[in-house]
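Secondary and tertiary structure notes
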Amino acid sequence: LTITDLMSMAKPNLESQKRILAKLQGRELMNCFLCIKCTSGCTALKLLELKPHEIEKLVNFGFVDELASSDIIWTCATCLKCIQRCPQKASPYHVIIALRNLAVEREAKVPEAYMKAVSQILENGLAESIQKVTTKKMENFDRESLKLPKVKGPKESFQAIFMKALEEK
Amino acid sequence: LTQRIIEGHSPQAIPIMVPVASSMTRIGVYVCHCGLNIAGVVDVSNVADYAKALPDVAVVKHYPYMCSEPGQRMIQDDIRTHKLNRILIATCSPRMHEETFRRAVDRAGLNPYLVEIVNLREHVSWPHSGEPEKATEKAKALVRMGVARVKLLQPLERQRVSVEKSVLVVGGGIAGIQASLDLANAGFKVYLVEKSPSIGGRMAQLDKTFPTLDCSACILTPKMVDVARHQNVVLLTNSEVVGVKGFVGNYEVTVRKNPRFVDEAKCVGCELCVKACPVKVPDKFNENLSQTRAVSIYSPHAVPKVATVNPNYCLRLKTKNKTVCGKCVQACEAKAIDFDQEPETVALKVGGVVIAVGSDVFDASKMFEFGYGRFPNVISNIEFERISDASGPTGGKILSPKNGKPPNSIIFVQCVGSRDKRFHEYCCRVGCMVSLKQAILVREKLGKDVSIYVCYNDLRAFGKGYEEFYRRARDMGINFVAGIPSDIRSTGDDSLYFDVFESGTNKLLELHADLVVLANCLVPSDDVNKIGKLFHALRSADGFFLEAHPKLRPLDCSVAGISLAGVCQGPKDIPDTVSQASGAAVKVIDLLSSGEIELEPLKAVVDKDLCSGCRICDALCPFLAIEMKKEPKAGPEELRAEVIEAMCQGCGLCSACPTGAIKIQQYSSSQVLAQVDAAFARATAKGGTRR
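Reference entry: report on the structure contained in this document. (Residues numbered from 1 in each chain as written. Chains lettered and ligands numbered in written order. Predicted model: local features only at pLDDT ≥ 70, side-chain atom pairs only at ≥ 80, totals over all residues. Heavy atoms only, no water.)

**Quick word on the overall build of chain B**
- The secondary structure content of chain B amounts to 18 helices and 36 strands.
- The buried share among the 691 residues of chain B stands at 54%.
- Taking all contacts inside chain B whose residues are at least 6 apart in sequence as the whole, residues at least 24 apart take part in 69%.
- Of the accessible surface of chain B, which amounts to about 30400 Å², a share of 52% is contributed by carbon and sulfur atoms.
- Of the side chains in chain B, 85 bear a positive and 76 a negative charge, and the two mean positions are spaced by 1 Å. (Helix = DSSP H or I, 4+ residues; strand = E, 2+ residues; numbered from the N terminus. Buried < 20%, exposed > 50% of the residue type's maximum accessible area, 1.4 Å probe, protein only. Contact = heavy atoms within 4.5 Å. Areas by Shrake-Rupley, 256 points an atom, 1.4 Å probe, with all protein chains shown as cover. Lys, Arg positive; Asp, Glu negative; His and termini not counted. Charge placed at Lys NZ, Arg CZ, Asp CG, Glu CD.)

Structure below.
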């Protein structure tokens, strides 16, 4: 192989890069020319130090292994600003999602919140749990007191399909 | 006196006279606001009021745009109604609008050389924008000086000379070819002089051209044939310009035709002599990557397709012994080999010149860090072109010169020799696109498994279709590394490696390659130096030819009657070169088409009574405009300086004259000293403010 990351002695994993490219349906979503606009506007940059351009470029070179096992790919808030604003119609978001998929395939450690979201979906079909609301006057409301209809849980067939998909990874 | 001159006496009739302002002098002073460019800093109405009090000033006006049609008409009306005979315009630089105002004044019946420009923009409002009060005072002082000078201006007439309707084109690359074709099609006789045995230049060496990947030879060769066959073109290959005399419209050029030792009329280009020749010679056309023979045809597409004997290698010519070798003579069925040929001198008379001598490619062995010259598999971009070209040393197969095998990985390194204060500060303007094209060619020729990296610091894809080409390269899996290596090393076997800090990923990377291609920049060649000296053409700090104005006269050389085309004026790609060449041709057509030209009268004139014949002016004149002539009345050996008006550019160097015999029209001592006196005049005339 012709390229080495001298900081971690990592080599590119062209096999995994190829799988990511297949998911992205070609190179268009990583066709980056380093204007770094995505990172300039990244919601997750200031608190979580996510630099989308670095991820985009690393996958471009084939350095996917370190990324797939890192925490950083899970910090993306999926605000999708990077897709909207990229002058080259590239998308670090899609690259990050593809990396997350790869991480799950490899049974890498997935942050707890994501696992919680999965169980929520299984339970009631929503990524978030149904919460109570407190107003400025310290009154509490929930769906029942607001006379909103009850959220029906997903059908059993959905749960079956979802579980099957999870097992298949 | 003033009146008499205005009525049409030529200045030649009274060449040296002490200018005296007459009481009839009526000056019009016009202060331009230039929008807010001047009026935003200088108090223009204050300046105008001040000018009213200056002696001999009859009319003063200020106006937002003097150069506009109503502004010009205002001056013309005033000349008629107020009988003005001197005009002072306080406005922008005379380089911008002096000619505009001269024409306007001329149309109103006043001699155009009775106009003086005072520069209130570049000399006052722009540099002193922070100090408006002082700027206004400076503007007043300049107007005062201008009024003092304008009184003493002399009416001058423009001389008309007839011109030769033929053109010399120096250099037979794509620029020279295009200029020659355009000129020849417009009906001008063209002499196309090329140093090499064939025309075609750099473009003939290229494989494909960006961004369309047209084959370079396919689009160039037809033009080479067209220009050689054109009835209005005289093609002089293997020839050099060795002497230039004369002036705009009437140049006398000497061309030396170096001997080919082959009769051009007899040679059929069969190459039997080449096969017979026993002496191997590095092939210049192939960038010395292969060998040719001491007698050879320059390139497969050579025009004219005629063999040439290289006198530095031919055994017979080196030994000067007529019995040595002679294998080519035996092999040639057309009996074209002629060892008795001598250099031939051709004298040409031409009206205009197009200089299109091209450039060299930077020698990367000057940069130790990249290993060019030490490692055979570090090559230059022009060498890559030959390797990739179907007519090149490898038949178009991309092979490493180190081991003759196709490389598995190729790295391009950008900005070699350019954007580098140690060598050339400018951007070479083609390096990025050349490397993109070469990277795409590698991908197309060697397939998807070869690794391709481009190490760059700014990738500049600026032209039509260029950014799209860059995007295409990225789509093809060509990797772009944002960083330039500092040190290229050999692994000891057949490959190379280096470290590079990649600023996109913020990582130090190590790259391995079987072949490194350096994006060498274009540099001014020795020919730029040589031809520049012959034609007295000025060069800019980068070493290329200097254009007359960077924005408004980019095709004109600093010398009248000479146009510039192609890379000799500054690095550029093929589309820009072809456009510039056509433009340069049009400039020459514009100059010569009427058959005569007007010469600017601001020239040196000699007072023969004062001239002592010391030759100082002759030695100083950079335009060879001084001729020392025998003066019959002055005795047998006495010489007197004479100015060849058509060659004089009015630069004023000859004013170094120790006896004051030579002066530039409109810049006599009295005219300049009047300005100096006004500059230092503490007490100004009638009511002018005292400071």
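**Focus on helix H15 (residues 526-535) of chain B**
Residues and elements named next belong to chain B.
- Within H15, burial applies to Asp527, Val528, Ile531, Gly532 and Phe535. One side of H15 carries all its buried residues, which in axial view fall inside an arc of 130 degrees. Counted as exposed and oriented over 90 degrees from the buried face of H15: Asp526 and Lys533.
- On its buried face, H15 sits against strand S6 (166-170), strand S11 (239-247), strand S18 (352-355), strand S28 (522-524) and strand S31 (562-564).
- Looking one or two residues beyond H15, the residue adopting positive phi is His536, at roughly 60 degrees. (Arc of directions from axis to C-beta.)

**Remarks on the state of the cysteines**
All names here are of chain B.
- Summed over the entire model, instances satisfying the criterion amount to one disulfide over all chains.
- The disulfide partner of Cys215 is Cys218, and the S-S distance across this bridge is 2.4 Å. The disulfide joining Cys215 to Cys218 has a torsion of about 85 degrees about its S-S bond and is therefore right-handed.
- In this structure Cys267 is a free cysteine whose sulfur lies 6.3 Å from that of Cys273, the closest cysteine sulfur available. (Disulfide = S-S within 2.5 Å.)

**Thoughts on the interface of chain A and chain B**
- At the interface, 21 residues of chain A touch 26 residues of chain B.
- If you sort the residues of chain A by the area they bury against chain B, Thr2, Leu6 and Phe61 of chain A come out on top, with a joint share of 29%.
- The tally of links between chain A and chain B comes to two salt bridges.
- For the pair chain A and chain B, the interface holds eleven residue pairs in polar contact (both at pLDDT 80 or more).
- Elements represented by at least two residues in the side of chain A that touches chain B include exactly strand S1 (3-5) and helix H4 (52-61) of chain A.
- Sorting elements by how many residues they give to the side of chain A that touches chain B places H4 of chain A first, with six residues.
- Across the side of chain A that touches chain B, the residue classes tally to nine nonpolar, six polar and six charged.
- The pairing of S1 of chain A with strand S26 (residues 507-513) of chain B spans three bridges and is classified as antiparallel. The residue of S26 of chain B that forms the bridge with Ile3 of chain A is Leu511 of chain B. (Buried area = accessible area lost by both parts, 1.4 Å probe. Salt bridge = Lys/Arg side-chain N within 4 Å of Asp/Glu carboxyl O. Polar contact = N/O pair within 3.5 Å; in protein donor to acceptor, adjacent residues only side chain to side chain. Nonpolar A, V, L, I, M, F, W, Y, C, P; charged D, E, K, R; others polar. Pairing = 2+ DSSP bridges.)

**Digging into a nonpolar patch on the surface**
Residue and element names in this part refer to chain B.
- Taken together, the side chains of Tyr667, Val672, Leu673, Val676 and Phe680 present a nonpolar region at the surface, about 500 Å² in accessible area.
- Note on placement: Tyr667 falls in the loop between strand S36 (662-664) and helix H18 (669-680).
- By relative accessible area, which is 47% here, Tyr667 ends up partly exposed. (Patch = residues over 30% accessible without salt bridge, like charges linked within 9 Å, V, L, I, M, F, W, Y side chains within 5 Å.)

**A few points about the sheet that holds strand S17 (residues 344-350) of chain B**
Residues and elements named next belong to chain B.
- Pairing within the open sheet is antiparallel, and its three strands lie in the order S11-S12-S17. Of all strands in the sheet, those with a lone pairing partner are S11 and S17, marking the two edges. Strand-to-strand, the axes of this sheet are offset by a mean angle of 20 degrees, without reference to chain direction.
- As paired elements, strand S12 (residues 250-257) and S17 share seven bridges and run antiparallel to each other. In the strand pairing of S17, Arg256 is matched with Thr345. (Axes fitted to C-alpha atoms, helices over the stretch in contact; angles between N-to-C directions.)

**Some thoughts on the sheet that holds strand S4 (residues 115-119) of chain B**
All names here are of chain B.
- Strand order in the open sheet formed by four strands is S2-S1-S3-S4, with parallel pairing between adjacent strands. On the outer flanks of this sheet lie strand S2 (57-63) and S4, each paired with one strand and no other. Here the strands of the sheet are splayed against their neighbours by 15 degrees on average, with no regard to which way each runs.
- Inspection of the sheet shows strand S1 (residues 27-32) paired to S2 by six bridges, in the parallel sense. When the sheet's bridge partners are listed, Tyr30 is paired in S2 with Lys61.
- Across the sheet, helix H2 (residues 44-52) is in contact with S1 and S2; its angle to S2 comes to roughly 175 degrees.

**Points about the pairing of strand S3 (residues 86-91) of chain B**
All names here are of chain B.
- Across the six residues of S3, six count as buried, placing the element largely inside the fold.
- Judged by which residues are buried, S3 turns out to be covered on both faces: Arg86, Leu88 and Ala90 on one side and Ile87, Ile89 and Thr91 on the other are all buried.
- The pairing of S1 with S3 spans five bridges and is classified as parallel. The residue bridging Ile27 from the neighbouring strand is Arg86, located in S3.
- Pairing of S3 with S4, which is carried by five bridges, proceeds in the parallel orientation. Looking across to S4, one finds that Ile89 is bridged to Ile117.
- Handedness of the β-α-β unit built from S3, helix H4 (residues 94-107) and S4 comes out right-handed. (Right-handed = clockwise from strand over helix to strand, strands pointing away.)

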